[in-house]
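Each chain, letter by letter, is given below.
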Amino acid sequence: MSVAMPGPKAEILARRGEIAKALSAIVPGEGVITDPDGMRPFETDGLTAYRQLPMIVVLPETVEQVQRVLRYCYDNEIRVVPRGSGTSLSGGALPLADGVLLVMSRFNKVLEVDFENRATVVQPGVTNLAVTRAVEHRGFYYAPDPSSQIACSIGGNVAENSGGVHCLKYGLTTNNVLGLEMVLITGEVIRLGGKHLDSEGYDFLGLMTGSEGLLGVVTEVTVRILRSPETARALLVGFPTNEDAGRCVGDIIGAGIIPGGMEMMDSLAIQAAEDFVHAGYPLDVEALLIVELDGPGEEVHELIERVEAIARDNNAANIRVSQSEEERANFWAGRKAAFPAVGRISPDYYCMDGTIPRKALPKVLHRMKEMETEFDLRVANVFHAGDGNLHPLILYDANDTDQLERAEAFGSAILKLCVEVGGVLTGEHGVGVEKRDLMGEMFSEDDLAQQERVKCAFDARQLLNPGKVFPELHQCAELSRMHVHKGQLPFPDIPRF
Amino acid sequence: MAETLRPETAESVLDVVRWAAAEQVPLEILGHGSKRGIGRPVQAEYTLNLSALSGVTLYEPDELVFSAKAGTPLAEIEKLLADANQELAFEPMDYGPIFGLEPGTGTLGGVLAANLAGPRRIKAGAARDHILGLSAVSGRGEAFKAGGRVVKNVTGYDLSKGLAGSWGTLAVVTDLTFKVLPRPERIATVLVLGLSDEAACAAMAEAMGSSHEVSGAAHLPKGMARSCGLAVESSVTALRLEGFPSSVSYRSEALNGMMRDRGAVEILDMPQSENFWRAIRDCLPFAGRSDPLWRVSIAPRAGAALMARLANEPLNYFFDWAGGRVWIEVTGSAEDAAEGAIRRAIRAVGGGHATLIRGSAALRTGLSPFEPQPAPLAALSRRLKENFDPQGILNPGRI
Ligand SMILES: Cc1cc2nc3c(=O)[nH]c(=O)nc-3n(C[C@H](O)[C@H](O)[C@H](O)COP(=O)(O)OP(=O)(O)OC[C@H]3O[C@@H](n4cnc5c(N)ncnc54)[C@H](O)[C@@H]3O)c2cc1C
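Analysis parameters
Residues numbered from 1 in each chain as written. Chains lettered and ligands numbered in written order. Predicted model: local features only at pLDDT ≥ 70, side-chain atom pairs only at ≥ 80, totals over all residues. Heavy atoms only, no water. UniProt positions renumbered as here; feature names shortened; annotations may be inferred. Axes fitted to C-alpha atoms, helices over the stretch in contact; angles between N-to-C directions. Helix = DSSP H or I, 4+ residues; strand = E, 2+ residues; numbered from the N terminus. Parallel < 35°, antiparallel > 145°, perpendicular 65-115°, else oblique. Contact = heavy atoms within 4.5 Å. Nonpolar A, V, L, I, M, F, W, Y, C, P; charged D, E, K, R; others polar. Near = heavy atom within 4 Å. Polar contact = N/O pair within 3.5 Å; in protein donor to acceptor, adjacent residues only side chain to side chain. Areas by Shrake-Rupley, 256 points an atom, 1.4 Å probe, with all protein chains shown as cover. Domains from an automatic or database assignment. Buried area = accessible area lost by both parts, 1.4 Å probe. Expected span 1.5 Å × (residues − 1). Pairing = 2+ DSSP bridges. Phe/Tyr/Trp six-rings, centres within 6.5 Å; stacked < 30°, edge-to-face > 60°. Buried < 20%, exposed > 50% of the residue type's maximum accessible area, 1.4 Å probe, protein only. Lys NZ or Arg CZ within 6 Å of the ring centre and 35° of its normal. Salt bridge = Lys/Arg side-chain N within 4 Å of Asp/Glu carboxyl O.

The name given to chain B in an unreviewed UniProt entry is Glycolate oxidase FAD binding subunit, and the organism recorded there is Afifella marina DSM 2698. Reading the Cofactor (unreviewed entry) entry of the UniProt record for chain B gives the comment "FAD".

The name recorded for chain A in an unreviewed UniProt entry is Glycolate oxidase, from Afifella marina DSM 2698. According to its UniProt record, chain A has this under Cofactor (unreviewed entry): "FAD".

Next comes the structure, spelled out in structure tokens:
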């Protein structure tokens with residue numbers, strides 16, 4: 001796949017040996033990797049179609065080391081790409097040939113668990129699941145739960161504003177982060193928020209979350225933890241058509257019910273998942289809905305009945321309600337394994353991530369069916385139905401260049417369709433390199449210029465993760481120029497007092 | 001007296017800001033002016049009044065979303081949503097009563113600019129957590145949009161959040177899209193009477209750490225409950241439960257059982273609860289007065305410790321957000337309105353911030369109404385401001 005990255009700077013590459021030495025002085029021992037074999041595991045992230053060996057890999061262990069590495073790179077104008085666990089699906093952690101890859105995996109400690117304030121302080125390399133593991137003995141958990149949660153890091157979650165099944169009710173990463181410590185490219189440490197709410201001043205927490213490693217390196221995260229719901233039960237509902245399932249989703253929400261999770265799969269995804277994990281999914285339906293209701297026992301009991309009735313009104317072909325924790329886990333097993341399951345029926349798949357207004361679901365599904373013929377490729381659909389976040393998985397064979405190109409074109413067509421119906425390019429996986437060149441579909445030049453100005457406030461030399469998110473790199477000096485539109489005041493049509 | 005411009009369209013807003021940018025004319029940005037008393041007084045030749053930029057442009061109850069122009073009265077939006085059994089889940093507080101204004105003033109733009117929230121902040125978040133997208137004009141006179149109309153969106157930086165709580169100093173917002181949620185069918189409040197501040201903070205922490213989904217936790221020290229409509233003399237610790245009727249009665253039973261050993265328990269029904277939480281939301285205990293008023297945000301469990309450190313200061317206070325938001329009214333005549341003491345106490349209990357919400361113009365000019373920032377953060381804030389409003393024409397001096 002082809003996205004042009006900023007060209008390597010020859011003068012930096014020529015100084016590689018000297019740079020490695022300077023960095024080794026800051027991060028001693030095995031913290032600096034320069035041999036190609038050692039760097040190989042870092043050449044790609046979850047978007048494996050893109051690969052690039054970095055110039056040097058650095059694995060710092062302390063905040064001070066991060067500060068000094070960044071300051072050195074700043075002084076020497078060396079590009080830096082931060083990396084957590086490398087599960088990004090948009091190429092956010094793709095290295096640069098003349099860049100330092102700053103791997104945060106050694107920041108792997110849970111620093112503090114504070115049940116009374118319902119907050120946990122962790123280092124950024126701690127995995128998402130480990131945050132829950134650290135608090136579950138007291139009945140607490142961390143709500144955002146990306147499917148990659150055993151592997152992905154909290155630092156990466158912050159950088160991507162990751163979501164998961166539970167985000168419908170409990171919010172995305174951005175709604176669950178209370179505080180951050182980060183290091184700017186200049187080496188300065190900034191602390192935002194903490195165990196209190198609403199950090200004062202500009203909402204830098206909000207800007208940092210989802211900034212894809214372009215603004216600063218996160219070195220500590222304070223997250224909100226929640227008490228686990230008393231009960232959780234799930235319904236597994238099969239529908240004869242996608243339209244029925246889509247309408248059912250709208251009706252549930254329209255009835256004032258916000259489920260803990262509401263996921264939908266289409267027939268190809270159902271089949272693949274069933275073949276893989278034998279979850280007992282019905283195979284004679286076009287769409288499957290998993291609706292999880294959580295909360296106090298009384299409430300869950302009542303809502304199950306309400307949702308069942310809504311499903312029946314929408315032509316549900318069959319309805320199963322989980323009778324035990326084991327059965328509930330079983331309902332989810334197929335959904336959770338949907339990506340690998342699809343991986344079994346196709347050599348490769350390309351995962352899209354657009355979000356659409358829920359009501360556009362039937363139209364978008366219909367158009368995607370037509371596109372399958374146009375591009376001559378199959379799509380398996382998995383969605384976070386409650387919030388309209390689609391994950392069409394385009395099946396292709398990467399060894400066949402023609403298929404690869406068609407897959408990419410198909411993906412772009414799907415995303416453009418999402419924008420056309422009022423949605424967006426990416427709901428939770430980020431822009432990265434993958435959707436960078438599609439940003440113009442959603443944003444005008446002025447829209448993008450404002451986002452770039454945020455970048456300029458943090459990193460005016462554009463050294464942190466360049467080549468991601470923005471289709472074009474503008475110099476901050478160029479962006480800061482004022483374009484003055486001389487006007488005259490007495491606006492005749494504006495009322496004045 | 002500043003001259004007021006009152007544009008009726010987003011295009012005219014753009015014209016005004018472009019003109020102001022070209023001529024380097026400072027503008028004070030206003031909706032209804034209900035929060036004008038917060039922050040440093042703005043010195044500007046012209047007032048850009050957005051109240052004519054009004055109207056809901058999209059409302060799709062099934063999609064849980066609406067869009068409206070920045071000057072749309074919040075009251076109008078709340079009414080529209082209520083008619084469809086929906087609401088802004090973050091319970092935007094109404095600052096009017098604190099400043100002796102009629103309740104119900106304020107515009108949607110102000111909701112975001114001040115990042116409003118209410119008691120449900122602890123469960124549902126603030127305006128920042130519910131904004132989906134917006135259109136705005138930067139201090140450079142460039143019109144732009146950010147975000148979208150769907151809940152899940154990580155396409156580019158979250159600029160809508162970046163403008164939350166920015167008090168009109170980065171851009172003039174012209175249109176906003178928010179998500180909405182169903183209104184709870186039932187509300188009840190469990191009151192625990194007679195607790196000390198420390199016992200109350202412990203009780204609120206226990207309740208918040210339970211699986212009963214408490215959506216409001218406030219503590220009024222002795223003698224203050226009357227101003228919130230309760231005929232009680234002792235201190236009152238209040239825990240709110242919302243949701244489906246059967247669930248609310250089940251949970252209030254459970255919470256009642258949990259709290260019984262701590263103090264006498266009483267239950268408020270739905271209408272009583274609504275009144276009570278509106279009073280907490282709008283800070284009614286300190287409404288209609290003029291003494292300096294601070295709003296403090298700290299770790300919830302530190303609430304009582306904070307006030308213990310301020311025991312010798314002449315002040316009144318109460319807690320919201322399970323102890324994490326403290327409203328402090330300074331009754332003495334200290335010149336700095338106890339700023340030094342309050343900021344020191346916050347640092348001593350683990351950090352947070354204090355904002356002077358009410359105070360004379362002289363006071364707001366003389367001290368720092370917002371929490372002073374450490375140097376690197378202050379420099380970052382300055383750079384952000386310079387990037388969006390290089391000439392400082394939007395609400396100069398406000399923060
Ligand atoms: C099978 C699979 C399932 C997935 N399911 C989901 C899902 O359900 N929901 C979802 O939202 N995502 C999902 N993802 C995507 C991915 O897991 C998330 O984006 C995750 O947050 C990335 O975390 P990471 O630690 O792997 O980050 P990386 O991939 O290492 O990096 C991602 C980005 O974060 C930046 N970054 C990493 N650490 C830091 C730091 N400390 N400071 C600053 N920037 C940093 C990088 O520069 C890069 O831009 C899935 C991925 C896979 C492979």
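Caption draft 1: Fine view of the packing of helix 12 (residues 297–313) of chain A against helix 7 (residues 245–259) of chain B. Running from amino to carboxyl end, helix 12 of chain A crosses helix 7 of chain B at an angle of 170°, the nearest separation of the two axes being 8 Å. The angle between the axes of helix 12 of chain A and helix 7 of chain B places the two elements in the roughly antiparallel class. Contact residues: helix 12 of chain A offers E298, E299 and E302 of chain A, while helix 7 of chain B offers S246, S247, Y250 and R251 of chain B. Of the residues in the contact of helix 12 of chain A with helix 7 of chain B, the class split is one nonpolar, two polar and four charged.

Caption draft 2: Highlighting the site of the ligand. Residue and element names in this part refer to chain A. As a structural note, the neighbourhood of the ligand is formed by 32 residues, with P82, G84, T87, S148 and S153 the closest of them. Here N157 contributes a side-chain N or O atom positioned 2.8 Å from an oxygen atom of the ligand. Coverage of the ligand by the protein chains reaches 93% of its 960 Å² of free accessible surface. At the level of secondary structure, the elements contributing two or more residues to the shell around the ligand comprise strand 3 (79–83), helix 6 (154–160) and strand 10 (217–224). In terms of residue count, helix 6 provides more of the shell around the ligand than any other element does, five residues in total. Summarising the domain contributions, the shell around the ligand has at least three residues from each of domain 1 (10–103) and domain 2 (110–227).

Caption draft 3: The packing of helix 11 (residues 267–277) of chain A against helix 14 (residues 338–345) of chain A, seen in detail. All names here are of chain A. Between helix 11 and helix 14, the least distance of the axes is 8 Å, while the angle of their chain directions is 90°. The pairing of helix 11 with helix 14 is recorded here as roughly perpendicular in orientation. Taken together, the residues of helix 14 that come into contact with helix 11 (itself represented by L268, A272, A273, D275 and F276) are P340, A341, V342, R344 and I345.

Caption draft 4: Examining the domain arrangement of chain A more closely. Residue and element names in this part refer to chain A. Taken domain by domain, chain A comprises domain 1 (10–103), domain 2 (110–227), domain 3 (231–420) and domain 4 (436–480). Spacing between the C-alpha centres of domain 2 and domain 4 amounts to 25 Å. The interface is formed by twelve residues belonging to domain 2 together with ten residues belonging to domain 4. With both chains or domains summed, domain 2 and domain 4 bury close to 1,000 Å², and 79% of this area falls on carbon and sulfur atoms. Looking only at domain 2, the three residues that lose the most surface to domain 4 are I185, L214 and L215, adding up to 61% of its buried area. In terms of residue count, helix 9 (residues 204–208) provides more of the side of domain 2 that touches domain 4 than any other element does, three residues in total. Residues belonging to the side of domain 2 that touches domain 4 are distributed by class as follows: nine nonpolar, two polar and one charged.

Caption draft 5: Representation of helix 8 (residues 270–281) of chain B in the model. All names here are of chain B. Under the 1.5 Å per step criterion, the end-to-end length of helix 8 is 16 Å for twelve residues, consistent within 8% with the ideal 16 Å. Packed against the buried residues of helix 8 are strand 11 (186–193), strand 12 (214–220), strand 13 (236–243), strand 14 (264–268) and strand 16 (315–320). Just past helix 8, the residue C283 takes up positive phi, approximately 60°.

Caption draft 6: Structural detail: the sheet that holds strand 1 (residues 3–5) of chain B. Residue and element names in this part refer to chain B. Strand order in the open sheet formed by three strands is 1-3-2, with parallel pairing between adjacent strands. If you trace the sheet from one side to the other, it starts and ends with strand 1 and strand 2 (27–30), each paired once. When strand polarity is set aside, the average angle formed by the axes of neighbouring strands in this sheet is 25°. In this sheet, strand 3 (residues 46–49) lies alongside strand 2 in parallel orientation, the contact comprising four bridges.

Caption draft 7: The packing of aromatic side chains, seen in detail. What the rule picks out here adds up to 15 aromatic pairs over all chains. Pairing Y317 of chain B with F319 of chain B gives two aromatic rings, centres 5.6 Å apart and planes at 80°, and the pair type is edge-to-face. When its relative accessible area of 0% is taken as the criterion, F319 of chain B is described as buried. Ring-pair connections join several aromatic residues into one group, and the members of that group are Y202, F204 and F458 of chain A. Here the guanidinium or amino end of R461 of chain A rests over the ring plane of Y74 of chain A, the centre of that ring lying 3.9 Å away. Note that R240 of chain B overlies the ring of W277 of chain B, its terminal NZ or CZ placed 5.0 Å from the centroid.

Caption draft 8: Seen up close, the domain arrangement of chain B. All names here are of chain B. Taken as a whole, chain B is organised into domain 1 (49–182), domain 2 (186–281) and domain 3 (284–375). Here the C-alpha centroids of domain 1 and domain 2 sit 29 Å apart. Between domain 1 and domain 2, the residue contacts involve nine residues of the former and eleven residues of the latter. Carbon and sulfur atoms supply 57% of the area that domain 1 and domain 2 bury against each other, a total of about 780 Å² over both sides. In terms of surface lost to domain 2, no three residues of domain 1 exceed P119, I122 and K123, which account for 55% of the buried area on that side. Inspection of the region where domain 1 meets domain 2 yields two salt bridges.

Caption draft 9: Structural detail: the sheet that holds strand 2 (residues 56–58) of chain A. All names here are of chain A. Within the open sheet, the four strands sit side by side as 1-2-4-3. Their pairing is mixed. What marks the edges here is a single partner per strand, and that holds for strand 1 (32–33) and strand 3. Where strand 3 and strand 4 (residues 99–103) come together, five bridges link them in parallel fashion. Considered in strand 4, the bridge of R79 is made with G99. Sitting on the sheet, helix 2 (residues 16–26) touches strand 1, strand 2 and strand 4, and the angle it makes with strand 2 is about 5°. Sheet contacts for helix 4 (residues 63–75): strand 2, strand 3 and strand 4; angle to strand 4, the most-contacted strand, approximately 165°.

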